[in-house]
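# Coordinate analysis (summary)
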Amino acid sequence: MKGKRRVADSAAGVWHCSHGHVPGQVLAVGQGDVGQLGLGEEVLERTRAALVRLPAPVVQVEAGGMHTVCLTENGEVYTFGCNDEGGLGRDTTEEGSETTPGRVALPKPTVQVSAGDSHTAALARDGTVFIWGSFRDNSGVIGLLEAWEKSVAPKQLHTTEAIVKISSGNDHLVLLTLSGSLLTCGCGEQGQLGRVPERFTNRGGRGGLARLLVPQAVRIKGSGRLKFQDVFCGAYFTFALTSEGRVYCFGLSNYHQLGTQSPVSVFMPQVTAGFQGSAVSWVSFSGGQHHSLCLDSTGQVYSLGRAEYGRLGLGVGAREQVCPAAVPELSRATVVACGASVSYAITSDGCALSWGMGTNMQLGTGEEDDAWSPVQMRGKQLDGHAVLAVSSGGQHTMLLIKDQS
């Protein structure tokens, strides 16, 4: 995460610094009542991280709302969990088949995956994107590529330019193009698309759902041609980082999770008050339902937004934060991640720390108590291993580990 961030286009295909390349094993913890842990029909919860059996080493794991997506080192995609809206992208008519990893049939090798509540996306090596499942709004399914239509198998998302990174919120998808533009599609009710005025967010207004479901460019008024180098999604909001290091935000900010002074939604991209004039060099962001985590180039972790259940990691009695607040004793981090009401950081020596709501046992502490400050995740499967990545959904959390040697 640290250092200069690069995007490239080579004979081998598109590349971005966020693409996983170190192979490891997958661990699962938390609630798994619809198979999202990947541990079979009999395992409905895990208080400590448990090993998920996959046919090949994995370079990326993503937790959706109630499903999980794994990308292997040979470019294959495996899924497990809830398939009600087609989010697994494969046939699960055989009883119990959704509770263990199954391969998704894709026409091209994959270099990155993302997952939302009911949709999944895969970025192919040549910069094309495949997507399956469905987007939803507050009233139900709105469709995926076509209005009202979910897709139970992968379909290509057509764009005019190669894509180098994909990122999913609960019900929206953001695409970073090779030239540094942003494309968005999905639900826009909270402003998370960054291109749809508030009056048109209710199912696209008179323009219909095509206004939402067809990927279109995010444009920033009066700024000229901005080049973006990275993008990150929370449940209902988006952070975008320009090549000059400016942070643009859009989407839900009802608890100031975007650094806004007022608890409102941001429908068009802006550098909010929390990030204006900041001397910090930001490198990474992650968002839950009502809170955000930020990481700077020195490895310091910051949090902002809603404080209940300890999700900000600022200690007992912490209050809602309008601006990024440094999390004490978290200054050697390389990765930050959020679930709905939980938070995680991975340190430079491969330790995983967690904090926030303990109800769903996502913290991996073996207890259901909330953690108001970061605690190290421990367990038999973590002993002797370094944590490479962590991803958290609505009730479960996934980790990617490798042997510490």
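Below is a short write-up of the structure. The model shown is predicted, which means the values in this text are computed figures rather than measured ones.

Definitions and cut-offs
- Residues numbered from 1 in each chain as written.
- Predicted model: local features only at pLDDT ≥ 70, side-chain atom pairs only at ≥ 80, totals over all residues.
- Heavy atoms only, no water.
- Pairing = 2+ DSSP bridges.
- Helix = DSSP H or I, 4+ residues; strand = E, 2+ residues; numbered from the N terminus.
- Axes fitted to C-alpha atoms, helices over the stretch in contact; angles between N-to-C directions.
- Patch = residues over 30% accessible without salt bridge, like charges linked within 9 Å, V, L, I, M, F, W, Y side chains within 5 Å.
- Areas by Shrake-Rupley, 256 points an atom, 1.4 Å probe, with all protein chains shown as cover.
- Salt bridge = Lys/Arg side-chain N within 4 Å of Asp/Glu carboxyl O.
- Lys, Arg positive; Asp, Glu negative; His and termini not counted.
- Charge placed at Lys NZ, Arg CZ, Asp CG, Glu CD.
- Buried < 20%, exposed > 50% of the residue type's maximum accessible area, 1.4 Å probe, protein only.

## A word on the sheet that holds strand 30 (residues 371–376)
Read from one edge of the open sheet, 4 strands run 27-28-29-30, paired in antiparallel fashion. With partners counted over all chains shown, the strands left at the sheet margins are strand 27 (333–338) and strand 30, one partner each. Neighbour-to-neighbour, the strand axes of this sheet turn through a mean angle of 15°, independent of strand direction.

## Examining the sheet that holds strand 14 (residues 151–157)
In sheet architecture, strand pairing relies on hydrogen bonds along the backbone and comes in two forms, parallel and antiparallel. Here we have 4 strands laid out as an open sheet, ordered 9-10-11-14, and antiparallel in their pairing. Single-partner strands in this sheet number two, and they are strand 9 (110–115) and strand 14. Shown here is a sheet whose adjacent strand axes are inclined to one another by a mean of 20°, direction ignored. Sheet topology note: the strand 9/strand 10 (residues 119–124) ladder contains 5 bridges and is antiparallel. Pairing of serine 114 across the sheet is with alanine 121, part of strand 10.

## Thoughts on a negative patch on the surface
Where like charges cluster on the molecular surface, the negative patch consists of Glu41, Glu42, Asp91, Glu94 and Glu95. By secondary structure assignment, the location of glutamate 95 is in the loop between strand 7 (77–81) and strand 8 (102–104).

## Comments concerning the pattern of salt bridges
Applying the stated criterion across every chain yields a total of 6 salt bridges. Between aspartate 230 and lysine 165 there is a salt bridge, and its shortest N-O distance comes to 2.7 Å. Of this pair, aspartate 230 sits in strand 19 (residues 228–233) while lysine 165 sits in strand 15 (residues 163–168); the two residues are 65 residues apart in sequence, bridging distant segments of the chain. Assigned by exposure class, aspartate 230 and lysine 165 land together as buried. With a closest N to O distance of 3.1 Å, glutamate 308 and arginine 306 form a salt bridge. Accessibility expressed as a relative area gives 18% for arginine 306, which makes it buried.

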